[in-house]
Each structure stands twice: as C-alpha cells, then as structure tokens.
Amino acid sequence: MPCMLIDPTQKYRPYVPLVLDNRQWPTKTFTKAPIWLSTDLRDGNQALACPMTADQKLTFFRLLVKCGFKEIEIAYPSASDTDFSFVRHLIENNEIPDDVWIQVLTPAREDLIRRSFEAVAGAKHVIMHMYNALCPMFRDVVFRNSKEQTVELASRHSKLISELADQYSASHGMKFRYEYSPETFTQTELEFSLQVCEAVKAAWGKAGPGIDRIIFNLPATVEVAPPNHYADQIEYFAAHISERENIIISLHPHNDRGTAIAAAELAVLGGADRVEGCLFGNGERTGNVDIVTLALNLYTQGITPNLDFSDIQEVIDIVTSCNDLPVHPRHPYAGELVFTAFSGSHQDAIKKGFEAQGIRHKKNAENGELRMWDMPYMPLDPADLGCSYEAVIRVNAQSGKGGIAYLVKQYLQLDLPRKMQVAFYKVIQQISDREAREVTVEDITTAFRETYHFGGSKRRRFDGTMLVDGVLRVIRGDGNGPISALLDALRMHLGIDMTLREYTEHAVGEGENSKAASYIELVATTDDIKETRQASESWWGVGLDSDIAASSLHAVLSAVNGAIGDRVLPELKLSVGFNATSGQSDVSDAIVNALGLTLPRRLQNSFFEVVQRAVCGSDGKISYDVLICLFRETYGYEVEAKGRFSLGDFRFERGEGGGPQFEGNMVIDGVVCKVVGEGNGPLSAALAALHTQVEGTLTCREYSEHSVGEGSEVKAVSFVELLYELPGRVKKEAAWGLGSDTDITASGIRAVLRAASRLNVVAKRA
C-alpha cells in the first residue's frame, strides 16, 4: 500500500534559494495598498465545477465594481462563446464604469488574439493579457520548444497585440494597456524570464510612464517554495529589468503550500506594484490569493486598502451564491466564527477589554482624541465590516464565567458580582454538559430568570411570525408583558434595540364592535438608562385591534418601522443542507426534489414558519433528511401515525338535496364512528359528515391537488387548508393537511382529516 516515504529526498527536490547579497525587502514595511485586480470572473470561474451563468457573472461583476475594483479580469473570450458573449453584454449595455479597466486573457496564438480583440471592441479601457509558459518542464515536455523558440513566440505575438491595439484604438476610440504573464515564473530560470520580458517589452513598443506602463505579471502558477523565496525572485526581477519606471510588476500567487497571503505580502515588499487574486481565495486547486484578506490585513494596520468591505455579509452571500462554494467558518475576517470566542479565558479577556475600551473611548471623546481600537483577540472591529457584537461570545462546555457574565450584562443589563458569576457559571455548565451543545443566549437568560426568579413569576413570551422585508420570520422574546416581550424579540432576532418611553390606550366604538387604540413612543436604547429616557429623538406608533394586546403590538411595529426607515436588517439565519443561506424557495425546492410535491404558495409560507421554529435551537441549521422528515410528520404525509381523525370505508350516494352524500366510517380519537353528510361535492360532503361529530365549524380555505409517480405507480396528492371556528374562542385556527391515494376523492378526504387532526378541534360528547 502506498505511504509517505521515510526519506522524501528520494522522491522530491528542494527549491534552490537565490543568492542575494543585499536583499532589501526584509527591512521594508507597507505604506500603501497595491493595485488590485480581481480575476474571479476568469481564473476563479474556470476553477468551478459548475461555471457561473451569465446572470451570475453579471451579479459578481457589479459586486466587484461596488467594492471598488478598478481592474477586473472579466473573461477568456476566445475560449468559449459564453465568455465572448458576456464581454459583449458588458460593453453593449454600458455596465463598465469609465474608471474601470476590463482585462481579458489570451494565449500566444494569433487566431485567439484576434478573437479577443473582437470581443472587447468598443470598450473604453482594456488591458490585453497574454501568457505563455516558460519553465523547463513546459518547454521540454509540453511544448517541446527551445529557449529561442519560446522567446520568439512571446515576442511575435506581443507585436501582433501592439498592432491590433493601434488599429482598434483608431477605429473605436479605445485605450489599451498590455499585460504579459511568463506563466510558471517561479519555476523558470530568472535570467530567462528577464530575457523574455525584455523581448516582449521591445515588441510592444509602447511602455511609458504612468498609465502607459507595461504590466509584467509574475505568477506563482504552482506554489513550490516558501514565501520568502517568491519575495527574493520579485526583488531580483525588479532590480534587473530595464526601464523599471515604465513597468508595473504584478503578482499572481496560488495557494498550493497554504502561504499565498504571506507570499503576496512579502513580494509587495520585494517591489511588486499590483496583486491579482480572488475574493475569499477561489481558484484552481487550493485557490488564488485571497484579496479580501490581503486588503483587510492592510486595513488593520491603518492603511487604506482602496476596497470597501463595509457589508462583508453581502459580499459573502453573492460570492457563495455565484461560486456555489462556502466560506469556511474560520476564514479570516469573513468566517462566521472569526469574531467568536468559546474559550473561558478568551471570553474573560474580551469582556474586560470591552469595559476598558468603553472607559478609554469616553475619555478620548472628551479630550478630542482618536478612539483607537485595542481589544484582546480581536484585531478588527466587527462593526467596520457591518457585523454586530452579538456572536462575539458564545457559550459551550469550554466557556468560563466571564463570557457568561458578559452575555448576562448584554442582554439583561445586569453586572453580576464576582461570586455570583461563579455560582451562575455552575448552572450553565450543568446545562452544557447535559445538552452537549452550544448554550444559546436564550438558554442563559432563561436559566438566569429561573434560577434567581428574576423578573417575577409573570414573565410573558412573544412567539410570532411577521413579514420582514418580504420574508416571513419567526421571532421570539421574553418580557414582563407583551410589549417588552416583542421589543426583546426584535432586539434578539433583528438587531432593533428600542426602549418604551410612553404608552397610552383607549377604546374605539362600543359593544361587540369596540376596538382598542394604542399609542406607543419608542426611543433608541443606550448603555445609560437615564440617557435613554431623556433622548431627544423618538418615534411614535399607533395600533388598532379588537384585542388590546394585539393593538399594543401593532403600535410597537408602527413605531419601529418609522425608526428603522430603509435600514437593512439582519438576514434570516437558515441553512438547509450545505447551503450557507437558505430561504423559502430553497425549502420548497427541497420538498420538490425529495418528494415530488409542488406546494401551494400558502403551504410554502406555513412550512417555512415550521422550519424556522424547528431550527431555533440549532443556530439555524437543518439537514435535508431532517427537513423532509419534519415535513412528513407535520402534515401527515405518508406516515404511519393517523392522527385524531382518519378515514375508514366509505361510499357516495345521491343525497336528498341532489348533491353527493358521504356514507362511511371515520376514526375519531380511536373510536370508529359511522357518519353521513351531504354537500355540493365529495369534499364538502365529507366535511359535513365530520361536522356531525365535532363542535364548531370547519371550513375549507384552500384546496389543490396534483399527481405523483408514473404509470401504475401514479397517485393523487391533495393539499387542504382548514379554518376552525369555535364559539367562545377569540380567533380562528388554521392548519394544512396532505393526503395521498390512488383514488383522488380519497386523497382529498384524507387531507381534510389530516388538517383537522392538527387543529384543536373539540369532539362532541357521546
């Protein structure tokens, strides 16, 4: 069986270090950001198992522009009609801002070079990027070219590009720049790389200062040596190429050894001016260098990166959606756990760091000084990337009392004395050991209230569904009453932190038709309760409902909508299977794919609420198998358990009123009941029969059906939503049920009974 060698020198050669007598890069530091080029749409796209669609590429391009990229490699247009068409779409639809240079890649082949120029015709600013491989392996094995032939190939095609650039500039009013990549640069003899680049520069014949500089892109096509060696190679190249002032030295590091970030940073110190890479490091094999990490590394050193990642979550969402690749939870700056501490000692340090920084920043503000960020374990303020501090401290079996005390202070505004921290820590440890999972904020606050009887015995919980930016969201919160519970839910789930300052209500109308009108004044919550109460800015809301509690909740939402305006709210944290973020359509698609069921729109909404409630204790994550099982059990689809109401033998006869009459057996709470009912159709007749055995009124709100399977395996699936109204109850109940059968009538009746089983239907006494 193959295994690792005891002596790897028998199989692998080490890299050969450069002899530099006076290397300069180790003593240099960063003072500004390099020029950035995103190659997500070309190098990143070609590495995907499923390359991006045209729409995805357009979405990605717009994101890159929004982030501030001024040079974007958009395609390899001679490689496919798809890439060619995408380039044309950007140009013909004026998608390219005037200050952005698009770049296209071409090999050193005349027909493909000409095709690439055809693709970019009419664009204002174009970088034509040509490459050919130089290293001995490619010269001797892949292409079987001599050094002289390799130089001639690069020189001849560079001259062709220069001539075509002149032609297209004259005919289309375009501005061209030229980039040449000696592919496999890090595996090529340095002197030969210099020889080829000198020949290319001469053939181009247009290298000048400023914007006219020729770009020599020196790739680590495969990372085969440590990052200091790449820096040495770049410094040597920069020192020995002629007309250095007319040249941009560009980097294109790959991550085969896992050191692309370090290689790029050291190579910039070695003299490079520009870096090519991808967002979050997508690319062939182990990927290209990650431009997000490079840029934010500079940002944390006080250097403007000239890229804007103020909404890092939007960037993550678009990149993961287009690439169909997740961002690792531990990925620098972008992973969901990078600003999170589970360890007790880390949590204690962060808690104390926040407290000390709060005091320090207050003094800084009073003295007109800069408020510098200086926190344990957190080199970057999450708020700069549009992130909250909500997940900075999370609790599991490794957590300490400091982290738990921090969360109690954040969510209950209680600064526990040290001995009480120790005592409550033991309570949480018991929960963590018992549950063997992460302990949520809700777990902690609930345990605190129960342990210390905090807030009295009349705590109220808000557990409801609301429409947030067009998406149904389930939110939960605790409080002394309905209003405080809803405010707690809004803060916990949507980051809306408001405090009630005034509340009044009065009746509208008289008798059975009277309603309650509620008026709410809210202010933004601050750390200082007194300051909060005295806030100069506030928002009023009004609500009207027959139920006084509902009226007050409508008033809260009225005020909150006024307060938040167009503010972007946190997205729903729901992950189905391997999807980083999932919505209602993803859940419905999973049901279609697994069960072949196309759900009615209202049922999609209903099940989406069910899923949100089911994942509240699992950080929004649910596997496909669990999702499908949840669907089956919720709506009684092809499960053994029959529910309170089930169907026995039945038949239809013509009733006295001329309509169909249901005659048969229904099993109600385990008892077989013979029932009869007449209606306008089979379903209404079955409902009439059921009504003889239950109190109140059941009404069919929605019904639909379709077939599943093929040939002899085909069967009908029915979807029914019932409304149940019982005298004395304030509100109607609604529930969905599913039924399947080879007989379409039986399928519909089974769906009715499944829906009834999910309602709090009161059976008549015998």
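Look up a bit, the structure's there.
Keep in mind the model is a prediction, meaning the values are calculated, not measured.

Trainee: Got a minute to help me understand helix α2 (residues 54-67) in this structure?
Mentor: Structural remark: α-helix, 3.6 residues per turn; residues separated by three or four positions point the same way. Helix length check: α2, at 14 residues, gives a terminal C-alpha distance of 20 Å against a target of 20 Å (1.5 Å per residue), a fit within 8%. Restricting attention to buried positions, one finds in α2 the residues Lys57, Leu58, Phe60, Phe61, Leu63, Leu64 and Cys67. Buried positions along α2 lie against β1 (35-38), α1 (40-46), β2 (71-75), α3 (81-92) and α11 (312-323). One or two residues past the end of α2 sits Gly68, with phi positive at roughly 110 degrees.

Trainee: What is the right way to read the packing of aromatic side chains from this model?
Mentor: Aromatic ring pairs are described here by two measures, namely the spacing of the ring centres and the angle between the planes. Counted under the stated rule, the structure contains 17 aromatic pairs. Judged by centre distance (6.2 Å) and plane angle (80 degrees), the ring pair of Phe216 and Phe237 falls under edge-to-face. Here Phe237 lies in helix α8 (residues 227-240) and Phe216 lies in strand β6 (residues 214-220), a separation of 21 residues in the sequence. The exposure class assigned to Phe216 is buried, which follows from its relative accessible area of 0%. An angle of 65 degrees between the planes, with centres 5.9 Å apart, marks the rings of Phe607 and Tyr635 as edge-to-face.

Trainee: I tried to follow the packing of helix α22 (residues 682-691) against helix α23 (residues 744-757) on my own but got confused; where do I start?
Mentor: Each pair of packed helices gets described by two things: the angle between the helix axes and the distance between those axes. Relative orientation of the contacting elements α22 and α23 amounts to 40 degrees, with a least axis distance of 9 Å. Between α22 and α23, the crossing angle belongs to the class labelled oblique. Both α22 and α23 take part in a crossing whose hand is right-handed. Contacts between α22 and α23 involve Pro682, Leu683, Ala686, Leu687 and Leu690 from the first element and Thr745, Gly748, Ile749, Val752, Leu753 and Ala756 from the second. For the contact of α22 with α23, the class distribution of residues is nine nonpolar, two polar and no charged.

Trainee: What am I meant to see in unusual backbone geometry here?
Mentor: Even without being glycine, Phe280 reaches a positive phi, approximately 65 degrees. Within the secondary structure, Phe280 sits in the loop between β8 (274-277) and α10 (291-299). In this model, Asn306 sits at a positive phi of 65 degrees, which is unusual for a non-glycine residue. Its place among the elements puts Asn306 in the loop between α10 and α11.

Trainee: Can you walk me through the pairing of β6 in this structure?
Mentor: Within a regular beta strand, the side chains point alternately toward one face of the sheet and then the other, so they alternate between its two faces. Burial within β6 is extensive, with seven of its seven residues counted as buried. Side-chain alternation along β6 places Ile214, Phe216, Leu218 and Ala220 on one buried face and Ile215, Asn217 and Pro219 on a second face that is also buried. Relative to β6, strand β5 (residues 175-183) runs parallel, the two sharing two bridges. When the sheet's bridge partners are listed, Tyr180 is paired in β6 with Phe216. Between the parallel pair β5 and β6, the chain is carried across by helix α7 (residues 190-204), and the sense of this crossover is right-handed. The sheet contact formed by β6 and strand β7 (residues 247-253) spans seven bridges and is parallel. Bridge pairing in β7 places Ala220 opposite Pro253.

Basis of the calculations
- Residues numbered from 1 in each chain as written.
- Predicted model: local features only at pLDDT ≥ 70, side-chain atom pairs only at ≥ 80, totals over all residues.
- Heavy atoms only, no water.
- Helix = DSSP H or I, 4+ residues; strand = E, 2+ residues; numbered from the N terminus.
- Expected span 1.5 Å × (residues − 1).
- Buried < 20%, exposed > 50% of the residue type's maximum accessible area, 1.4 Å probe, protein only.
- Contact = heavy atoms within 4.5 Å.
- Phe/Tyr/Trp six-rings, centres within 6.5 Å; stacked < 30°, edge-to-face > 60°.
- Axes fitted to C-alpha atoms, helices over the stretch in contact; angles between N-to-C directions.
- Parallel < 35°, antiparallel > 145°, perpendicular 65-115°, else oblique.
- Left-handed = near helix turned anticlockwise from the far one by under 90°.
- Nonpolar A, V, L, I, M, F, W, Y, C, P; charged D, E, K, R; others polar.
- Pairing = 2+ DSSP bridges.
- Right-handed = clockwise from strand over helix to strand, strands pointing away.

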